[in-house]
Amino acid sequence: MSRKPISIVKSRLHQNCSEQIKPINDTHSLNDTMWCSWAPFDKDNYKELLGAVDNAFLVAYAIGMFISGVFGERLPLRYYLSAGMLLSGLFTSLFGLGYFWDIHVLWYFVVIQVCNGLVQTTGWPSVVTCVGNWFGKGKRGLIMGIWNSHTSVGNILGSLIAGIWVNGQWGLSFVVPGIITATMGVITFLFLIEYPEDVDCTPPQHHGEPAENQDNPEDPGNSPYSIRENSLETVAKCSKEPSEEPTAISFFGALRIPGVVEFSLCLLFAKLVSYTFLYWLPLYIFNVAHFSAKEAGDLSTLFDAGGIIGGIMAGLISDYTNGRATTCCVMLILAAPMMFLYNHIGQDGITSSIGEEEVASPTRPWKRHHLGGPMRLAHMGAPAGGVAGRAEGPRVLLPWGGGCGWHLPLTGLSLCVPVMLIVCGGLVNGPYALITTAVSADLGTHKSLKGNAKALSTVTAIIDGTGSIGAALGPLLAGLISPTGWNNVFYMLISADVLACLLLCRLVYKEILAWKVSLSRGSGSSMVLTHQR
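Caption draft 1: Representation of the overall build of the chain in the model. Scanning the chain from terminus to terminus reveals 17 helices and 2 strands. In the chain, buried positions account for 52% of the 533 residues. Sequence-distant contacts, at least 24 apart, represent 76% of the contacts inside the chain between residues at least 6 apart. If you sum the accessible surface of the chain, you get close to 24,300 Å²; carbon and sulfur atoms cover 66% of it.

Caption draft 2: Up close: the packing of aromatic side chains. This model, assessed by the stated rule, comprises 22 aromatic pairs. Measuring from ring centre to ring centre gives 5.3 Å for Y284 and F490, while their planes differ by 55°; the resulting arrangement is tilted. Placement of Y284 in helix α11 (residues 260-289) and of F490 in helix α16 (residues 486-502) is noted, with a sequence separation of 206 residues between them. Note on accessibility: Y284 and F490 belong to one class, buried. Joined through ring pairs, the aromatic side chains of W38, F41, F95, Y99, F100, W107, Y108, F109, W170 and F174 make up one cluster. A cation sits over an aromatic face here: R3 above Y61, 4.5 Å from the ring centre. Here R78 stacks its cationic end above the ring of F189, 4.7 Å away from the centre of that ring.

Caption draft 3: View of the packing of helix α3 (residues 77-100) against helix α8 (residues 172-191). In contact at an axis separation of 7 Å, α3 and α8 are set at 165° when each is read in the N-to-C sense. With respect to their mutual orientation, α3 and α8 come out roughly antiparallel. Along this stretch, α3 crosses α8, giving a crossing that reads as left-handed. A per-class count over the contact of α3 with α8 returns 15 nonpolar, 10 polar and 1 charged.

Caption draft 4: Looking closely at the pattern of salt bridges. This structure, assessed with the given rule, holds 6 salt bridges. E262 serves as the salt-bridge partner of R506, at 2.3 Å between the closest nitrogen and oxygen. Taken together, the positions of R506 in helix α17 (residues 505-532) and E262 in helix α11 put the pair 244 residues apart, joining distant regions of the chain. Assessed through its relative accessible area of 43%, R506 is described here as partly exposed. With a closest N to O distance of 2.6 Å, K271 and D464 form a salt bridge. Here D464 lies in helix α15 (residues 456-481) and K271 lies in helix α11, a separation of 193 residues in the sequence. There is no split in this pair, since K271 and D464 are both buried.

Caption draft 5: Summary view of the side chain of T437. Looking at the element boundaries, T437 is found in helix α14 (residues 416-444). Engagement of the side chain of T437 in a polar contact is seen with the backbone oxygen of A433, the distance being 2.5 Å. Discounting chain neighbours no more than four positions away, the residues touching T437 are W124, V128, M144, W147 and N148.

Caption draft 6: Structural context of the nonpolar core. With 98 residues, the main nonpolar core has I285, M339, Y342 and L493 as its most contacted residues. The element that contributes the greatest number of residues to this core is α11, accounting for 17 residues.

Caption draft 7: Layout of α11. For α11, built from 30 residues, the straight-helix expectation of 44 Å at 1.5 Å per residue is met to within 8% by its first-to-last C-alpha distance of 41 Å. In terms of burial, α11 is largely enclosed, as 25 of its 30 residues are buried.

Caption draft 8: The arrangement of the side chain of T460 in detail. Looking at where T460 falls in the secondary structure, it is placed in helix α15. Judged by its relative accessible area of 1%, T460 falls in the buried class. Ignoring any residue separated from it by four or fewer positions in sequence, one finds T460 in contact with W124, P125, V128, S440 and G465.

Caption draft 9: Looking closely at unusual backbone geometry. In this structure, P40 follows A39 across a cis peptide bond, with omega equal to 10°. With respect to the helices and strands, P40 occurs in the loop between α1 (5-13) and α2 (46-74). Positive phi is not limited to glycine here, since D200 has a value of about 60°. Here D200 lies in the loop between α8 and α9 (224-240).

Caption draft 10: The arrangement of the environment of V105 in detail. Tracing the sequence through the fold places V105 in the loop between α3 and α4 (106-119). Judged by relative accessible area, which is 35%, V105 ranks as partly exposed. With 64 residues separating them in the primary sequence, V105 and F41 have C-alpha atoms 9.5 Å apart.

Caption draft 11: Layout of the confidence of the model for the chain. Overall, the predicted model of the chain reaches an average pLDDT of 75, with 70% of residues at or above 70. Taken as a whole, residues 209-243 scores under 50 in pLDDT and shows 28 contacts with residues more than four places along the chain or in a different chain. Predicted confidence is poor over residues 406-413, with pLDDT under 50, and the contacts of this stretch with residues over four places away or in other chains come to 35 contacts.

Caption draft 12: Up close: the packing of α15 against α16. Running from amino to carboxyl end, α15 crosses α16 at an angle of 150°, the nearest separation of the two axes being 9 Å. As far as their axial angle goes, α16 and α15 are roughly antiparallel. Regarding α15 and α16, the two cross each other, and that crossing is right-handed. Of α16, the residues touching α15 (which contributes G474, L477, A478 and I481) are N488, V489 and M492. Its residues assigned to classes, the contact of α15 with α16 shows 5 nonpolar, 2 polar and no charged.

Definitions and cut-offs
- Residues numbered from 1 in each chain as written.
- Predicted model: local features only at pLDDT ≥ 70, side-chain atom pairs only at ≥ 80, totals over all residues.
- Heavy atoms only, no water.
- Helix = DSSP H or I, 4+ residues; strand = E, 2+ residues; numbered from the N terminus.
- Buried < 20%, exposed > 50% of the residue type's maximum accessible area, 1.4 Å probe, protein only.
- Contact = heavy atoms within 4.5 Å.
- Areas by Shrake-Rupley, 256 points an atom, 1.4 Å probe, with all protein chains shown as cover.
- Phe/Tyr/Trp six-rings, centres within 6.5 Å; stacked < 30°, edge-to-face > 60°.
- Lys NZ or Arg CZ within 6 Å of the ring centre and 35° of its normal.
- Axes fitted to C-alpha atoms, helices over the stretch in contact; angles between N-to-C directions.
- Parallel < 35°, antiparallel > 145°, perpendicular 65-115°, else oblique.
- Left-handed = near helix turned anticlockwise from the far one by under 90°.
- Nonpolar A, V, L, I, M, F, W, Y, C, P; charged D, E, K, R; others polar.
- Salt bridge = Lys/Arg side-chain N within 4 Å of Asp/Glu carboxyl O.
- Polar contact = N/O pair within 3.5 Å; in protein donor to acceptor, adjacent residues only side chain to side chain.
- Core = buried A, V, L, I, M, F, W, Y, C linked by side-chain atoms within 4.5 Å.
- Expected span 1.5 Å × (residues − 1).
- pLDDT = per-residue confidence, 0-100.

The following block contains the structure:
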């Protein structure tokens, strides 16, 4: 919730003021079309400045994440997480207070974002560790997929709450989410239970099923007899040393866990795509569809709604197939063409009629104008002071050929683009959600750790920290590339998506081998039973 307001307010910090009425006491020149923008974002390089503000948060978050996991293994998670939420609420509110304090210097917003990025690193390793402590591997994908929907719900609430004040006192778009975040920090401190043992519950079994040890069928240690011997050995050791307390794993020790490096690098590119949508989608819709800032923010929530569906489906499928890497790879493969189609249909639906002009008539009370850019909608009888590109009176749908495109007003959108936005959200956020939750918990309780659960927070921090490097690069690259055209931004996102998929090839191959071994064992067992009959 605290990350989303900046993406909603971006279109408010820099806007075209030519159609707005100046206050009586305004000192700007008559030819100044940026008088209503918020300095220092009122210059032509505003996209680069907004990208710098985003990047300040994301770089700090990426750097802090690698350190945060180490602390998370050694500090009480309840205190650690609660303190992070309180500080996050404080810094989010301070960003919005810049409006009320009339602050117009870039360094203030950058410093606030850096501090906010650092304190928010306390969150993800802590919450994944807590959930991992409560649930074993059996249905972890589905459970964590449902649980992870809180990220998309937070994005949706952040968008809707920020949209209430974006066209007025935009500082409240940050202050209110900040207060809510701090309040939830207090609730977390009062009610969070870290371990099942703290309330006399039985801890989950992370490696109770032999099928899980078939990740590498060529390893002789994974034979049924080895599994039985290892289990007896483990029982004997536990009976001899019941009071031995496991020590927290080192950073490099966590890197040596099989699969950590591959999933970390995959998440780097997957998170690059997801966070570019998170920070730039409302501005993209604002520029391409010519909606108001609030309408663009409301529509962007469909991407997060798709993320909820995608995260749950990814967890459910990966539980059923026992193939985390394959599930991620398939969704990434499908995401690439979907992003291309979304951008192609979304933009071409608007720009296909550039240069055309139709005179309004009683039967068609609207007309197209060539304004040196995408087609704008005008309405007969619209007041002269109306917002450019939108009708102030009753608005109608534009008949753009194939029935697929942006239709105004927001309540009259054709189904095509919103549905594609939901599907994009599901395919992009599904692998991201699966890797940062179930995969991180699986690797943090990997069989190579021999039952040591003190690696969960460190492994989660490594995976999400590496992904956060991509999260920092995505919005930065979008800010640098977007002046050359939105098409180039989407080509960058598609390339990152393909790279994320390629990085999982080795793990996908191992899962396919495991499936073959499992199928051959199943067919062998059925043949033995038939022969006995």
